[in-house]
Amino acid sequence: MYRLLTHNDLDGLGCGILARLAFGKDIEIQYNSVSGLNTQVEAFLKKEHKEDMLWITDLSVNEKNAQLLDAYAAQGGKVKLIDHHKSALHLNEHEWASVQVEEDGKQASATSLFYRYLQAEGKINPTGAVDAFVELVRQMDTWEWERNGNMQAKKLNDLFYLYPIEEFEEILLHKLSGSETFSFDDLEEKILDLEEKKIERYINGKKREVYQAVIDGYYAGVIHAESHHSELGNAVAKEYPHLDYIAICMVGKKRISFRTIHDHIDVSEIAKKYDGGGHKKASGAVLTEEAFRQFVVETFKTEPLKRDFAHNQSNIKGQEAGCLYQNRSGEPIFIYKDPQKGWAIEARGLKQSPSFSAFEEAEKFVKRQFQAWLTHDEAYLEYMDKKKKRSESGL
């Protein structure tokens, strides 16, 4: 008998699909949350069925279970862990573990690694449909789909969240059995179009609920959300690029997700502090008491960030004549290009105007220090008119 413990996201499901294609009804599959895996591993090991083959995919075990698996394997037990998260690389010191962040010069997913493993073991025959499915999962999980403009990968993920996981497993098995191509039918395309609009509305609403906090020297954007974490985290990070990372809190589940778009930030290191881990740009952790205090309690005392006005014709970011921002007290903050100093800032309370070589750095300073937002054209034109009059009067 075979047993698979895998993650309950799309990448984990991909591993489950491959296992079902390879072993049919001879494998028992259980989809787990990050926090639920170790309990299931302990339960398996207590049964001591050494004739069973245990696979663990897209998840990593804690140190206690790593030692127990060492003992289990030493006594003849059959186990294999396949993962792709940077935070799990230390498990490679165990013979039963294979953690690989990249393959063939590309970011790996658990599904792509498990697919290659099953082929090498002669357990699954590749087809065009399965090849396409595995690549869609890989691009979605690594977020490569956005860079490639591969909407099919995003659609697959959207469809995943519309069904119970066992029902979606049946849908995918039907698609992959006896077909050389992977595609969505007309009904699914219509459903996905409606879902895309729903997600867009959801994300736009959440962009108004972002709280700025300085935590351990990093500028974090804190938001509460129960779904669409990858799309939401990416969209919010782009909306507020002055933030180092986005923390998505799920108080009911006692979980927290971290996302960043910046190459110099490694959120897997941040997640470690809260008993978590993952990728450099996408990780998850437990909402510990300390995390709850920092990300929930402290931000509850503040107000959410305000979004920049998006449809200005005059107050445009990066123009050398200057652009106008405003803080919660209604005070103006002006960023402009000084011919000698570079990008400079005019604001009440600044004893000495800092200068920056790039507009983006000046804006980052303004948004971090003042929690300001780009004003609408009317306020900008009024400010510029007053500025002109002061100049003409010699004030």
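Above this text is the structure in question.
My aim in this report is to walk through the structure given alongside it, one point at a time. All chains use their own residue numbering, which begins from 1 and follows the written sequence. This being a predicted model, a pLDDT of at least 70 is required before a residue's local features are given, and a value of 80 or more before pairs of side-chain atoms are given or counted; all residues contribute to the totals for chains, interfaces and linings. Side-chain descriptors were evaluated using all non-hydrogen atoms of the structure, hydrogens and water having been removed beforehand.

Thoughts on the packing of helix 1 (residues 10-23) against helix 5 (residues 128-141)
Here an angle of 0 to 180 degrees is reported between the N-to-C directions of two axes, which are lines fitted to C-alpha atoms, with helices fitted over the stretch in contact. Strands are runs of DSSP state E lasting at least two residues, helices are runs of H or I lasting at least four, and both sets are numbered from the N terminus onward. Packing of helix 1 against helix 5 brings their axes to within 9 Å, and their N-to-C directions diverge by 160°. Taken as axis vectors, helix 1 and helix 5 run roughly antiparallel relative to one another. Where helix 1 crosses over helix 5, the handedness of that crossing is left-handed. Contacts between helix 1 and helix 5 involve Leu-10, Asp-11, Gly-14, Ile-17, Leu-18 and Leu-21 from the first element and Val-130, Phe-133, Val-134, Val-137, Met-140 and Asp-141 from the second. Asp, Glu, Lys and Arg are counted as charged, while Ala, Val, Leu, Ile, Met, Phe, Trp, Tyr, Cys and Pro are counted as nonpolar; the rest, among them Gly, fall into the polar class. Taken together, the residues of the contact of helix 1 with helix 5 break down into nine nonpolar, one polar and two charged. An angle below 35 degrees is treated as roughly parallel, one above 145 as roughly antiparallel, one from 65 to 115 as roughly perpendicular, and anything else as oblique. Two helices crossing with the near one rotated counterclockwise from the far one by less than a right angle form a left-handed crossing, whereas a clockwise rotation gives a right-handed crossing. Here a residue-residue contact requires only that any non-hydrogen atoms of the pair lie within 4.5 Å.

Digging into the environment of Lys-78
Counting through the fold element by element, Lys-78 comes out in strand 4 (residues 78-83). In this structure, the C-alpha to C-alpha distance between Lys-78 and Tyr-274, residues 196 residues apart in sequence, is 31 Å.

As for the sheet that holds strand 3 (residues 53-57)
At least two DSSP bridges between two strands are required for those strands to pair. Strand order across the open sheet formed by five strands is 2-1-3-4-5, with parallel pairing between neighbours. Whereas interior strands pair on both sides, the edge strands pair on one side only; in this sheet they are strand 2 (27-32) and strand 5 (97-99). Looking at each pair of strands side by side, their axes are set apart by 15° on average, direction ignored. Across three bridges, strand 4 lies against strand 5 in parallel orientation. Of the residues in strand 5, the one forming a bridge with Leu-81 is Ala-97. Set on the sheet, helix 4 (residues 110-120) makes contact with strand 3 and strand 4; between it and strand 4 the angle comes to about 135°.

Regarding the pairing of strand 15 (residues 332-338)
Across four bridges, the pairing between strand 14 (residues 323-326) and strand 15 is antiparallel. Note that in strand 15 the partner of Gln-326 across the bridge is Pro-332. Two elements, strand 15 and strand 16 (residues 342-347), share six bridges in a ladder whose sense is antiparallel. By the bridge assignment for strand 16, Ile-335 is matched with Ile-345. Hairpin connection of strand 15 to strand 16: three residues between the antiparallel strands.

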